[in-house]
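# A structural walkthrough
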Amino acid sequence: MATLSVTRPKKSRTLTAVMALYLLYTLVPLAWLVINATKTQASLFSTSGLSFGGPFALFDNIAQTFTYNNGIFFRWLGNTLLYVVVGAGGATILATAAGYGLAKYRFPGRRAVFAVVLGAVAVPATALAVPTFLMFSKLGLTNTPLAIIIPSLISPFGLYLIWVYAADAIPDELLEAARIDGAGEFRIFLTVTLRQLVPGIVTVALFTVVQTWNNYFLPLIMLSEPKWYPLTVGLNQWSAQANGAGAQPIFNLVLTGSLLTIIPLVLAFLLMQRFWQSGLSAGSVKQ
Amino acid sequence: MSRIRSRAKAFAAVALAAAMAVGCSAGSSSGPAAATGTQDSVDAALKAGGSITYWSWTPSAKDQVAAFEKEYPNVKVNYVNAGTNKDEYTKLQNAIKAGSGAPDVAQIEYYALPQFALTDALVDLNSYGFGSFEKDYSASTWAQVKNGNGVYGLPQDSGPMALFYNKEVFDKNAIAVPKTWEEYVAAAKKLHAADPTKYITSDTGDPGFALSMIWQAGGHPFGVDGRNVKVNFADAGTKKWTAMWDQLIQGKLLAPVKEWSDDWFRALGDGTISSLVTGAWMPGNFISSVPGGSGKWAVAPMPTYDGQQAVTAENGGSTQSVLKQSTNPALAAAFVRWLNHAGGVQPFIKSGGFPSTTADLTSPAFVDEAAPYFGGQKINQVLTQASKDVAPGWTYLPYQTYANSVFSDTAGKAYLNGTGLDAGLAAWQQSIVDYGNQQGFTVSAG
């Protein structure tokens, strides 16, 4: 696409300055996190936040993070992975199938579905948390992993994205050709459609993975046993230990834990951004 | 599955006791006089054994549960740290609304207790005869677990307030330990003028602290009579405090450090914050989290307005309560009794907690213990005296956790902009009145 542009865009100093500021704004907290994860609890209390100081304790902190409280961090990491793989993975599959179906098949009630999905995009998940809790409580599902996984399976935004993407990315002629060749609808979906949809699917996967990985309020409300906590709620519990009577602050472990928590997300972004970029530009060029 | 079945079995085993308890508590709500059962059903439940779930975030909970299970091997306590204060209350509230999922026993702070007692979520422990324990607790903590004629928990820790100060910083700047708030404000000015990096204390707007200070000043902002609530942040006591504290806020004499953050612990250690007016549970935190301050800090009585009569207030503190949802309330009550009236008290004190049991508050071993961190000072002499000087007659709102959650949006502005606490408290009052009326209380201002 870059080759299509004829004139080179003019450089703008203001824009560069704004972007530099934005970069700083984004990176300083990250730098702060990395720097402070290398400190012991004692040197956290005695050195300035944005400079290295005291003994280099990163590896010691990592070891402590994994062993503190009988290695509960491992358990939380495992829980988070479970919620992400089943929840976000399931959400991606469901959104893909439903989005494709809505884009390419005509059936009664399609408009109603469209309205419901658009409406669902607009409702913040936080507002649904307590009603969902009451419902799940009636079903006896609170305080189980299912209470986190089932709501995560629904991604109206993902569905909408795939819908719009599939409408553009998959020519109806292609489907008709496949039908003439005698392929069933399910086979068409698996062999023809899925491949076309990969950029869209990856985008949706990335969104749902980030959303599930960072999900905080729903698990906070649904779960009361620390053994089912995801990392977000667990780390907050560690952080809350610093409050009030008999406080036991473990800021060094909270920081190291937070650093470890964002690494998989950073990796996911780095690995998937190639697909993501092509996904974002879909539909911008007439085929 | 098996746990449910064993619970059911345990329930059946004490069905008689439980039935008795239910009968008694039903009686207590109809008659004006406090119903008093006996502790026999509790003893029977202990003997029968069974399992209960206990929610708490107190650091000593784990040790306490282990000690309890050792003493009563046929009782299994499923200890769960379901989150700290607000998080736990949110979960409790949800479970109560849903009708299932609440634990048998939960730690609840005094300020939040009326909210759960009033919504009929807690067992009145009078039905097991726990009302007779009144004499065993300091008057101020017993008043906190009582609601109407009901007793909704046994007090665990208490937080009578005192002045913790950094002796080294005070001496270096020739500041005498303030006995009155006037002297305290003067000390704040003198200290910050002499050394601009040092502050007398920090306060970024903590509802619990503000209410404790109003309490000490003789304010009574909340009046509660059943579902009728009165809110008034313009009484003489409240004004006394705001006039004094405004001088610190508007003079920029408070360290801009958020409480309980890493910065805060750092500031306590290096003298940036040179005094704290807080609950008697603070020493344990100094010892474990402010190693840099060792040997420098000391404890004095809380300053007063007239400098004559010692008067203080409670800050913080928790109780353990039995939830009505419990399938084995007698056993749950037995656990609470052990926790705060028997074997559980010592492990709690050992972990740095400040007791509310008079036996411990007056035992020479506790009172005369020299604290090495505080330069050998017998700090408990000051702190136990403070527990006797708590001003009586304080009431919290029946929806205090909500009120506290909107403190920073309303009164908090006074701290940020220096616009005056009276205006800030008026805004808080407005949102408290509005919310209460929406929730079906009859709330009036003034």
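These numbers were taken from a predicted model, which means no experiment stands behind them.

## Let's talk about the overall build of chain A
Helix and strand content of chain A: 12 helices and zero strands. If you list the helices and strands of chain A from N to C, you get α-α-α-α-α-α-α-α-α-α-α-α. Across its three principal directions, the C-alpha atoms of chain A cover 70 × 60 × 30 Å. A buried classification covers 42% of the 287 residues belonging to chain A. Considering only residue pairs separated by 6 or more positions, chain A has 71% of its internal contacts joining residues 24 or more positions apart. If you average the places of the 17 positive and of the 8 negative side-chain charges in chain A, the two averages end up 11 Å apart.

## A look at a nonpolar patch on the surface
All names here are of chain A. Together, L21, L24, V28, W32 and L50 give the surface a local cluster of nonpolar side chains, amounting to about 480 Å² of exposed area. Along the chain, L21 falls in helix α1 (residues 13–36). Owing to a relative accessible area of 59%, L21 belongs among the exposed residues under this scheme.

## Concerning the environment of L58(A)
All names here are of chain A. With respect to the helices and strands, the residue L58 is situated in helix α3 (residues 58–104). Classification of L58 by relative accessible area gives buried; the value is 17%. Sequence separation between L58 and S155 is 97 residues, and the spatial gap between their C-alpha atoms is 37 Å. Residue contacts for L58: discarding those within four places in its chain leaves A37, T38 and L259.

## Some thoughts on the sheet that holds strand β1 (residues 50–55) of chain B
Residue and element names in this part refer to chain B. Taken together, five strands build an open sheet; the order of strands is β2-β1-β3-β14-β6 and the sheet is mixed. At either end of the open sheet lies a strand with only one pairing partner, and these are β2 (75–80) and β6 (154–155). Both β1 and strand β3 (residues 105–109) contribute to a ladder of two bridges, which runs parallel. Bridging from a neighbouring strand, Y54 pairs with V105 of β3. Those strands touched by helix α5 (residues 86–98) are β1 and β3, and its axis lies near 130° from that of β3.

## Examining the pairing of β2(B)
Residues and elements named next belong to chain B. Examined bridge by bridge, β1 and β2 share six bridges and lie parallel to one another. The residue of β2 that forms the bridge with Y54 is Y79. Considered for its hand, the β-α-β crossover made up of β1, helix α4 (residues 61–71) and β2 is right-handed.

## Describing helix α11 (residues 236–250) of chain B
Over its 15 residues, α11(B) runs 21 Å from end to end, which matches the ideal 21 Å to within 8%, given 1.5 Å per residue. One or two residues past the end of α11(B) sits K252(B), with phi positive at roughly 50°.

## What to know about the interface of chain B and chain A
It is common to give the size of an interface as the accessible area lost on bringing the parts into contact. Taken together, the contact pairs 26 residues of chain B with 31 residues of chain A. Viewed at the interface, chain A and chain B are joined by nine residue pairs in polar contact (both at pLDDT 80 or more). The set of elements that each furnish at least two residues to the side of chain B that touches chain A consists of β2, α5, α12 (262–270) and α13 (282–289) of chain B. Among the elements that line the side of chain B that touches chain A, the one with the most residues is α5(B), at six residues. For the side of chain B that touches chain A, the class distribution of residues is nine nonpolar, 10 polar and seven charged.

Parameters and conventions
- Each chain carries its own residue numbering, running from 1 in the written order of its sequence.
- To read the labels, note that chains go from A and ligands from 1, taken in the order they are written.
- The predicted nature of this model means local features are confined to residues of pLDDT at least 70 and side-chain atom pairs, given and counted, to a pLDDT of 80 or more, with totals for whole chains, interfaces and linings taken over all residues.
- To get the side-chain values, take all heavy atoms of the structure and skip hydrogens and water.
- We count a stretch as a helix when DSSP gives it H or I for four or more residues in a row; a strand needs E for two or more, and each element gets its number in order from the N terminus.
- Here the term buried applies to any residue with accessible area under 20% of the maximum for its type, exposed to any over 50%, and partly exposed to those in between, with areas from a 1.4 Å probe on protein chains only.
- By the convention used here, residues are in contact when the closest approach between their heavy atoms is within 4.5 Å.
- For the purpose of charge, His is not counted, nor are the chain termini; Lys and Arg are scored as positive and Asp and Glu as negative.
- Taken as the charge location is NZ of Lys, CZ of Arg, CG of Asp or CD of Glu.
- Residues forming no salt bridge and having over 30% relative accessible area are the ones grouped into patches, like charges within 9 Å of each other and nonpolar side chains (Val, Leu, Ile, Met, Phe, Trp, Tyr) within 5 Å.
- Only the protein chains shown count as cover for residues, and the accessible areas themselves come from Shrake-Rupley with a 1.4 Å probe.
- Criterion for a salt bridge: a side-chain nitrogen of Lys or Arg within 4 Å of a carboxyl oxygen of Asp or Glu.
- Each pair of strands is called paired provided DSSP finds at least two bridges between the two strands.
- Fitting a line to C-alpha atoms yields each axis, with helices limited to the stretch in contact; the angle taken between N-to-C directions then spans 0 to 180 degrees.
- When the strands point away from the viewer and the path from the first strand over the helix to the second turns clockwise, the crossover is right-handed.
- Multiply 1.5 Å by the residue count of a helix minus one, and that product is the helix's expected span.
- N or O atoms within 3.5 Å of each other form a polar contact, as long as, within protein, one can give a hydrogen and the other can take it, and as long as residues adjacent in sequence are counted only when both atoms are side-chain atoms.
- Gly falls in the polar group here, along with every residue not listed as nonpolar (Ala, Val, Leu, Ile, Met, Phe, Trp, Tyr, Cys, Pro) or charged (Asp, Glu, Lys, Arg).

By themselves, these are just geometric observations and shouldn't be taken as functional.
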